[in-house]
Amino acid sequence: MKDNEKRFTLPMLEAPRTMRIRFQKTGNLQYISHLDLQRTFSRILVRAGLPLWYTKGFNPHIKMVFGMPLPVGSESECEMLDVRIEREMSAEEMMERLNAEVTDELRVLAVYPAERKFAEVAFAEYDYTIRTERADEALAEKISDTLQAPLTVLRRTKSGEKETDIQPMIRSAAVTLDGDAIRIHAVLSAGEGNYLNPELLITALRAKTGILSSDLTKESYRILRRRVLLADGVTEFH
Amino acid sequence: MNTKISSVLKSVEKPGRYCGGEYGAIIKNKDEVKARFAFAFPDTYEIGMSNLGMRILCGALNEQPDIWCERVFCPWVDMQQKMRELDIPLWAHESGDPVSEFDILGFTLGYEMCYTTVLAMLKMAKLPLRADERAEDDPIVIGGGACAYNPEPMADFFDCFSIGEGEDNLVEFTKLYIRMKEEGRYTRQGFLHEAAATIRGIYVPSLYDVSYNEDGTISAIARRFEDIPERVEKCIIADMDKAYYPDKLVMPYIEAVHDRIMLEVYRGCIRGCRFCQAGMIYRPVREKTPDLLNKQARCLYDNSGYEEISLMSLSISDYTELEPLTRSLLEWTDRNMVSLSLPSLRVDSFNKELMERIASVRTSSLTFAPEAGTQRLRDVINKNVCEEDLMHAARVAFEGGKTNVKLYFMNGLPTETSEDIEGIATLASRVVHEYYQTPNRPKGRSPQVTVSVSCFIPKPFTPFQWEAQDTMEMLAEKQEFLREKITDRKVRYQHHNAKVSRVEAVLARGNRKLCKALEIAANEGFCFDAWDEFFDYDKWLSVFARADVDPAFFANRQFGLDEILPWDIIDCGVTKEFFKREREKAYAAATTPNCREQCSGCGANRLGGERTPCPKACRGQHEG
């Protein structure tokens, strides 16, 4: 039997402590929505036997705060989740316990006391891999040019659909040809109220260049979020 | 995973249904196992992952190092469209390999309306629908579950059926398959014959001939070989404490319909309601001990992280050890913020103490099933609860802070009169009245009583198996009559679709002549008939007409007491004589005591069983 009861024997903290969990969400996990991820994590946290703090009240529950959203169909190496613990347990032990309860596609990369606020996040760095039979220097150049010019897309907002130019939200985008794939290394706005859904870049390119609109088995793309950055666009957010 | 499948995941609804990779999923090396079993659930992933039977059986098969059992679900219609476009055959969830490459393909048949989905899945797997058209190398297609107790409407499509409880049976079946392959004497026919001859509960329809009278009733069911049983006796797990029970769960990422720990407390039911098939076919009652249940619950909690435990059984308050069980569970569940829930409550045993222990206190609603509106009709169906019980239960609920009560009833029960239907409206109003009579009711809120009425369906292996279902016109009239009688504004009324219930009755009591209709339905693309948005009654009528099947013959006809019934080939343990006695008592509005009070001689005790309340159980006869 597991030692999930151990948490009751640990020394109480004076006040609940917020711990940040950095994890990856890759492979099959890219298809899991934010809501499903929350539910999944609440169970992982319980299985791991962490000394979680529960809200007081009629229906006690744990507090989980996730960093910025990740659209379904995008992968990430820098997802973050804040949880509160009420007893002393080392970050190393927490990480070890968590990693015993997840598949590799959801592996925990770091656990540490949260210091910065999620509101400090301003940018995120992405790697796009676009596989298409049409990949050549000319297409790479066309994509690169497209990303430099005004780039209007239909965005769904609370007040219906709206044409928006997303170009100002692209801080940088480097396009390279790599065999049968086009790679884009992009830094996109990710601040609160100014968040660019990385999927929109694909939507825009599909409309402007015609890529990724034929047989799904012949063309595919992958989006991987690498890092989240502070307002200077360089320093990594932890 | 198959790259074709992953290539379409970005373009379908809820890709989490298909992506797999769940924590706890069983991955084995396909080159190191001797048999691959595809366990198919004929509905969506979310529904299949809520099914306790599937979890148990997949787990039991995977306990065997030689066997790899994978799950198969029915892709939703948008995915089916992509599969046609890109020529993707039905695949197994864990490996992504085509189902047609497996050794054995099992379907769980929980509900008649899933039959068309089963056939649609066979087509998606690119397997011949009919068993007699399958090639030597095609998977053996086996069916099981509650509907397999009358397997005849599906007889042409299945190589065989597993009748009864599958934990040991499916393992034994697969092991015979492995053994015959290893010994080099496997042939499809040879294997099916040997399984039918040597393994209890295995029914191979092609080894039995059915002949008919001119009026369409059955004249004889004859076995083709002397070494197979005349009637196929269901298999049971004698000692539930020794039955396989999963200690780890596959954790779905997307929300399943029932997303919690399901703890099966006991099997069977002591009650014997005369319309209820489950209460008959799962006899004899066999309990698990509270110590074991507590250990299993703790283990499942540690391994799943679910914070709700549902105590599963047909009538939880009948469990003799409920008090010690909930006491030992509460010793650790409270501290761990785990709540208990009870899905099945009987009004006569619902009390304050029980309510305080269960989690459903957190919701504002409780559900009870009086089933009929008057005491006379409740006696006819042997429900054995009275109005006083219901009022008491409602009062307890209201005192505990509930405002909503849901009441289940049935229309079209044998001997039903307008008085019985009116009784439903009266009973609901009395529950409303009870609310205002409860001094400690929730302050400042008004009650809501929901009356949900389904249509009676005569089911095989019940005392009402011979009864005629009301015609659609009668059912519609009764539903309208009840609507007029419900005048209380605090009572909400909903009723089931009588059209679905009629098709369900046809399939439930059908014989092999139904196979033709189902084949036509499959070829026309029927699927997901259990979903309202896909059920089309007119299309069903057209299919029946073309297959020369008169739906009234199966649904609305009173079957003769001496008639050979399509399901007479199956022996569910309970005897026909008992059903006949119960039917007579029903017409005399006489009740039968429950199994614990007195043995009524249903016959199921000859199957054995440990920790069964039956005073006449013959233990130890059927072991090994």
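Peer 1: Explanation requested: the overall build of chain A in the structure shown.
Peer 2: Looking only at helices and strands, chain A features four helices and eleven strands. Looking at chain A as a whole, 33% of its 238 residues are labelled buried. By sequence separation, contacts in chain A at least 24 residues apart represent 73% of the contacts at least 6 residues apart.

Peer 1: Honestly, the sheet that holds strand S16 (residues 404-411) of chain B in this entry has me stumped. Any pointers?
Peer 2: The strands that make up a sheet are held in pairs by hydrogen bonds between backbone atoms, and each pair lies either parallel or antiparallel. Residue and element names in this part refer to chain B. Spatially, S15-S16-S17-S18 is the arrangement adopted by the four strands of the open sheet, whose pairing is parallel. Pairing within the sheet leaves two strands with one partner each, and these edge strands are strand S15 (365-371) and strand S18 (491-495). Between one strand axis and the next, the sheet turns by 20° as a mean value, whatever way the strands run. Of the pairings in the sheet, the one linking S15 to S16 comprises five bridges and is parallel in character. Across the sheet, serine 365 pairs through a bridge with asparagine 404, a residue of S16. Strand contacts of helix H13 (residues 387-399): S15 and S16, with the helix running at about 175° to S15, the strand carrying the most contacts.

Peer 1: Help me understand the domain arrangement of chain B, please; the structure alone is not making it clear to me.
Peer 2: Where interface size is given, it is often the accessible area lost as the parts come together that is meant. All names here are of chain B. Taken as a whole, chain B is organised into domain 1 (3-233) and domain 2 (361-507). Between the C-alpha centres of domain 1 and domain 2 there is a distance of 37 Å. Across the side of domain 1 that touches domain 2, the residue classes break down as four nonpolar, one polar and one charged.

Peer 1: Honestly, the pairing of strand S8 (residues 170-178) of chain A in this entry has me stumped. Any pointers?
Peer 2: Two faces, one strand: in a regular strand the side chains alternate between the faces of the sheet. All names here are of chain A. Sheet topology places S8 next to strand S9 (residues 181-191); eight bridges connect them, and they run antiparallel. Looking at S9, one finds that valine 175 is bridged to isoleucine 184. Where S8 folds back on S9, the antiparallel hairpin that results is connected by two residues, among which glycine 179 adopts a positive phi of roughly 65°.

Peer 1: Is there a simple way to think about the packing of H13 of chain B against helix H14 (residues 418-437) of chain B in this case?
Peer 2: Packed helix pairs are characterised by how far apart their axes lie and by the angle those axes make with each other. Residues and elements named next belong to chain B. Between H13 and H14, whose axes approach to 9 Å, the crossing angle comes to 40°. It follows that H13 is oblique to H14 by the angle criterion. Both H13 and H14 take part in a crossing whose hand is right-handed. Across the interface between the two elements, Glu387, Met391, Ala394, Arg395 and Phe398 of H13 pack against Leu427, Arg430, Val431, Glu434 and Tyr435 of H14. For the contact of H13 with H14, a count of residues per class yields six nonpolar, no polar and four charged.

Peer 1: How should the environment of serine 211 of chain B be read in this particular structure?
Peer 2: Residue and element names in this part refer to chain B. Relative to the assigned elements, serine 211 resides in strand S7 (residues 208-212). With 10 C-beta atoms counted inside 10 Å, the residue serine 211 sits in the exposed group. Separated by 248 residues in sequence, serine 211 and lysine 459 have C-alpha atoms that sit 22 Å apart. Those residues in contact with serine 211 that lie beyond four places of it in its chain are Ser219 and Ala220.

Peer 1: For this particular structure, what's the right way to read the interface of chain A and chain B?
Peer 2: Facing the 26 residues of chain A at the interface are 26 residues of chain B. At seven residues, the largest contribution of residues to the side of chain A that touches chain B is made by helix H1 (residues 34-47) of chain A. Its residues assigned to classes, the side of chain A that touches chain B comprises eleven nonpolar, nine polar and six charged.

Peer 1: Whenever I open this one, the sheet that holds strand S10 (residues 261-264) of chain B confuses me. Can you help?
Peer 2: Residue and element names in this part refer to chain B. One open sheet holds the three strands; their spatial order is S10-S13-S14, and the pairing between them is parallel. Since the sheet does not close on itself, it has two edges, and those belong to S10 and strand S14 (339-341), each with one partner. Strand-to-strand twist across the sheet, computed as the mean angle between neighbouring axes with direction ignored, equals 25°. Alignment of strand S13 (residues 308-312) against S14, held across three bridges, turns out to be parallel. Bridge assignment links glutamate 308 to a residue of S14, and that residue is serine 339. Along the sheet face, helix H9 (residues 290-304) touches S10 and S13 and points at about 165° away from the line of S10.

Peer 1: Just checking my understanding: could you explain the packing of H9 of chain B against helix H10 (residues 322-333) of chain B for this structure?
Peer 2: All names here are of chain B. Remark: H9 packs on H10, axes separated minimally by 9 Å, with the N-to-C direction vectors making an angle of 30°. Comparing their axes, H10 and H9 come out roughly parallel. For the crossing formed where H9 meets H10, the hand is right-handed. For the pair H9 and H10, the contacting residues are Pro290, Leu293, Asn294, Ala297 and Arg298 in the first and Pro324, Leu325, Ser328, Leu329 and Trp332 in the second.

Peer 1: I tried to follow the domain arrangement of chain A on my own but got confused; where do I start?
Peer 2: All names here are of chain A. Domain boundaries assigned for chain A yield domain 1 (6-115) and domain 2 (120-229). One C-alpha centre belongs to domain 1, the other to domain 2, and the line joining them spans 30 Å. Taken residue by residue, the interface counts ten residues in domain 1 and 13 residues in domain 2. Grouping the amino acids of the side of domain 1 that touches domain 2 by side-chain chemistry returns four nonpolar, four polar and two charged.

Peer 1: I keep staring at H13 of chain B and nothing clicks. Help me out?
Peer 2: Because an α-helix completes one turn every 3.6 residues, residues spaced three or four positions apart along the sequence face the same direction. All names here are of chain B. An ideal rise of 1.5 Å per residue puts 18 Å on 13 residues; H13 measures up with 18 Å between its terminal C-alpha atoms. Contacts from the buried residues of H13 go to helix H11 (352-357), S15, S16 and H14. Glycine 401 sits one or two positions beyond H13 and adopts a positive phi of about 95°.

The rules behind the values
Residues numbered from 1 in each chain as written. Chains lettered and ligands numbered in written order. Predicted model: local features only at pLDDT ≥ 70, side-chain atom pairs only at ≥ 80, totals over all residues. Helix = DSSP H or I, 4+ residues; strand = E, 2+ residues; numbered from the N terminus. Buried ≥ 20, exposed ≤ 12 C-beta atoms within 10 Å, placed from the backbone. Contact = placed C-beta atoms within 7 Å. Pairing = 2+ DSSP bridges. Axes fitted to C-alpha atoms, helices over the stretch in contact; angles between N-to-C directions. Domains from an automatic or database assignment. Nonpolar A, V, L, I, M, F, W, Y, C, P; charged D, E, K, R; others polar. Parallel < 35°, antiparallel > 145°, perpendicular 65-115°, else oblique. Left-handed = near helix turned anticlockwise from the far one by under 90°. Expected span 1.5 Å × (residues − 1).

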